[in-house]
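Residue-level listing of the chains:
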Amino acid sequence: MLAGFGYQALISIISHLIFIIITWWALQSLNIDKLIKANHVIQARVLLIFLTIAIGSLVSNFFLDYLLWSQQLPSLF
């Protein structure tokens with residue numbers, strides 16, 4: 001029973017990290033230099049990091065929920 005929680009936690013951590021990395025990679029394609037005020041580069045980087053974490057976590061949560069629901073679906077029948 002406890003090993004199941006351990007595997008679930010490990011899958012969740014790995015999923016979040018993978019989707020955060022993919023989101024960071026995808027956001028690097030945006031040209032946000034035109035949106036940044038002069039001398040506010042650090043603030044823009046922090047915002048980009050927060051956006052990366054937020055979007056990556058949302059996508060990862062969707063993926064993990066979908067995985068959980070697909071595992072629970074056989075109990076319907």
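The preceding data block contains the structure.
We now turn to the structure provided with this report.

Thresholds, definitions, all that
Residues numbered from 1 in each chain as written. Predicted model: local features only at pLDDT ≥ 70, side-chain atom pairs only at ≥ 80, totals over all residues. Heavy atoms only, no water. Helix = DSSP H or I, 4+ residues; strand = E, 2+ residues; numbered from the N terminus. Buried < 20%, exposed > 50% of the residue type's maximum accessible area, 1.4 Å probe, protein only. Expected span 1.5 Å × (residues − 1). Patch = residues over 30% accessible without salt bridge, like charges linked within 9 Å, V, L, I, M, F, W, Y side chains within 5 Å. Areas by Shrake-Rupley, 256 points an atom, 1.4 Å probe, with all protein chains shown as cover. Salt bridge = Lys/Arg side-chain N within 4 Å of Asp/Glu carboxyl O.

Let us now look at the environment of Ile22. Locating Ile22 in the fold gives a position in helix 1 (residues 2-27). The partly exposed category is assigned to Ile22, whose relative accessible area is 42%.

Here we take up helix 2 (residues 41-72). Each α-helix turn comprises 3.6 residues. Residues three or four places apart therefore point the same way. Counted at 1.5 Å a residue, the expected span for helix 2 with its 32 residues is 46 Å, and the 46 Å between its end C-alpha atoms agrees. Residues of helix 2 that are buried include every one of Ala44, Leu48, Thr52, Gly56, Ser57, Ser60 and Leu64, and no others.

Bringing a nonpolar patch on the surface into the picture now. A grouping of Trp24, Ile42, Val46, Ile49, Phe50 and Ile53 is seen on the molecular surface, where their side chains present a nonpolar patch of about 580 Å² in accessible area. It is helix 2 that provides the largest number of residues to the nonpolar patch, a total of five residues. The topology assignment puts Ile42 in helix 2.

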